[in-house]
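Each chain, letter by letter, is given below.
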Amino acid sequence: MVLALWVGLSVVVMVLLGLFVFGLRRRLIQRSGGTFDCSLRWDVSDEPDSLGKGWVYGVARYSGDRVDWFRVFSYAPRPRRGLERSAIEVIARRMPEGEEELALLSDSVVLGCLHRGTRLELAMSEDALTGFLAWLEAAPPGQRVNVA
């Protein structure tokens, strides 16, 4: 009986500790500012997929001339992807379709991009999209930026 209580208490403590670490990691990512919620779908095919597969929820952070993207449900302290401003080419903008609406946050807008030859999609709120496009267009003189 006592062993079962200790095991149960240990499981509860481990779950709470795991949740605390998720929250602490997100707080540390957001500490420097310039962050926004952003789902990512990497290496997308050319034909649209309305099933909502492949989307990963994350947080993006502006860092100079790049955007660092972190998975939300990860303990990794480093970004999963880094997108350089000079290598991003915006090719499409659309609203989520079909079951994508369930896979993404409400009021998300999907931005189709090319980054060094890899097709990807970013889903973010309208406000975050406005900021992202302004950041892309604010490239230093002499850098090529393609915004559709």
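None of the values given here were measured: they were computed from a predicted structure.

**Student:** Would you mind showing me how to read the side chain of Asp68 here?
**Tutor:** Looking at the element boundaries, Asp68 is found in strand E4 (residues 66-71). Within the structure, Asp68 has its side chain in polar contact with the side chain of Arg66 (distance 2.8 Å). Excluding residues that lie within four positions of it along the chain, Asp68 makes contacts with Val59, Ala60, Arg61, Ser63, Pro79, Arg81 and Gly82.

**Student:** Any chance you could explain the pattern of salt bridges here in plain terms?
**Tutor:** Pairing of side chains with opposite charge becomes possible as their charged atoms draw close. Overall, the coordinates contain ten salt bridges when judged by the stated rule. Arg116 is paired through a salt bridge with Glu84; the nearest N and O atoms lie 3.2 Å apart. Of this pair, Arg116 sits in the loop between strand E7 (108-115) and strand E8 (118-125) while Glu84 sits in strand E5 (residues 81-84); the two residues are 32 residues apart in sequence, bridging distant segments of the chain. Looking at Glu84, the relative accessible area reads 22%, which means it is partly exposed. One connected set of salt bridges, linked through shared partners, spans Arg41, Arg94, Glu100, Arg119 and Glu121.

**Student:** What am I meant to see in the state of the cysteines here?
**Tutor:** Put plainly, two cysteines are in a disulfide when a covalent bond ties their sulfur atoms together. For the structure shown, the criterion picks out zero disulfides. Cysteine Cys113 remains unbridged, with the sulfur of Cys38 as its closest cysteine sulfur at 9.0 Å.

**Student:** I tried to follow the nonpolar core on my own but got confused; where do I start?
**Tutor:** General note: in soluble globular proteins, nonpolar side chains tend to be found buried as a group. Counting 21 residues, the largest nonpolar core has Leu122, Met124 and Phe132 as the members making the most contacts within it. Of all elements in the fold, only E4, strand E6 (88-94), E7, E8 and helix H3 (126-137) reach the threshold of two or more residues within this core. Tallying contributions element by element places H3 first for this core, with six residues. Apart from the residues lying within four places of it in its own chain, the contact partners of Leu122 are Cys38, Ser39, Leu40, Trp55, Leu83, Val109, Val110, Leu111, Cys113 and Phe132.

**Student:** Would you take a moment to explain a nonpolar patch on the surface for this structure?
**Tutor:** Taken together, the side chains of Leu3, Val7, Val11, Val12, Val15, Leu16 and Leu19 make up a nonpolar region of the molecular surface, amounting to roughly 670 Å² of accessible area. Here Leu3 lies in helix H1 (residues 2-30).

**Student:** I keep staring at the sheet that holds E6 and nothing clicks. Help me out?
**Tutor:** Adjacent strands of a sheet form backbone hydrogen bonds with each other and so pair up, either parallel or antiparallel. Across the sheet, which stays open at both edges, the four strands sit in the order E2-E8-E7-E6 with antiparallel pairing between neighbours. Strands with a single pairing partner mark the edges of an open sheet, and in this sheet they are strand E2 (39-42) and E6. Ignoring which end each strand starts from, the neighbouring axes of this sheet average 25° apart. Sheet analysis places E6 next to E7, joined by six bridges and oriented antiparallel.

**Student:** Can you walk me through the packing of aromatic side chains in this structure?
**Tutor:** The geometry of an aromatic ring pair is captured by the separation of the ring centres together with the interplanar angle, meaning the angle of the planes. Per the stated rule, a full pass over the model turns up four aromatic pairs. Taken together, a centroid distance of 5.2 Å and an interplanar angle of 40° make the contact between Phe36 and Tyr62 tilted. In this pair, Phe36 is assigned in strand E1 (residues 35-37) and Tyr62 in strand E3 (residues 58-63), connecting sequence segments 26 residues apart. In this structure Phe36 comes out as buried when scored by relative accessible area, which is 10%. You can call Tyr62 partly exposed: its relative accessible area is 24%. Through a chain of ring-to-ring contacts, three or more aromatic side chains come together here, namely Phe36, Tyr62, Phe132 and Trp135. The ring of Trp42 has Arg81 lying over it, and the distance from NZ or CZ to the ring centre is 4.0 Å.

Rules used in this analysis
- Counting restarts for each chain, with residues numbered from 1 along the sequence as it is written.
- Given that this is a predicted model, residues contribute local features only at a pLDDT of at least 70 and side-chain atom pairs are listed and counted only at 80 or more, while totals for whole chains, interfaces and linings are drawn from all residues.
- By convention in this description, side-chain values take in all heavy atoms of the structure and omit both hydrogens and water.
- In DSSP terms, a helix is any run of H or I states spanning at least four residues, a strand is any run of E spanning at least two, and both are numbered starting from the N terminus.
- Here a polar contact is taken to be a pair of N or O atoms separated by no more than 3.5 Å, where protein atoms must pair a possible hydrogen donor with a possible acceptor and residues adjacent in sequence count only if both atoms sit in side chains.
- The contact definition used throughout considers only heavy atoms, calling two residues in contact when any of these lie within 4.5 Å.
- Any carboxyl oxygen of Asp or Glu within 4 Å of a side-chain nitrogen of Lys or Arg constitutes a salt bridge here.
- Burial classes follow relative accessibility: with a 1.4 Å probe on protein chains only, a residue under 20% of its type's maximum area counts as buried, one over 50% as exposed, and anything between as partly exposed.
- Here, a disulfide means two cysteine sulfur atoms that sit within 2.5 Å of each other.
- In these notes, a set of buried Ala, Val, Leu, Ile, Met, Phe, Trp, Tyr and Cys residues joined through side-chain atoms within 4.5 Å is what counts as a nonpolar core.
- Every patch collects residues that have over 30% relative accessible area and no salt bridge, joining them within 9 Å if they carry like charges and within 5 Å if they are nonpolar side chains (Val, Leu, Ile, Met, Phe, Trp, Tyr).
- For every accessible area listed, the method is Shrake-Rupley and the probe measures 1.4 Å; residues are considered covered only by the protein chains on display.
- Paired strands are those between which DSSP finds at least two bridges.
- Note on geometry: axes are C-alpha line fits, over the in-contact stretch for helices, and angles between N-to-C directions span 0 to 180 degrees.
- Aromatic rings from Phe, Tyr and Trp, taking only the six-membered ring of Trp, are treated as a pair when their centres fall within 6.5 Å; an angle between ring planes under 30 degrees marks them as stacked, one over 60 as edge-to-face, and anything in between as tilted.
- Consider the ring centre and the ring normal. A charge sits over the ring if Lys NZ or Arg CZ is within 6 Å of that centre and within 35 degrees of that normal.

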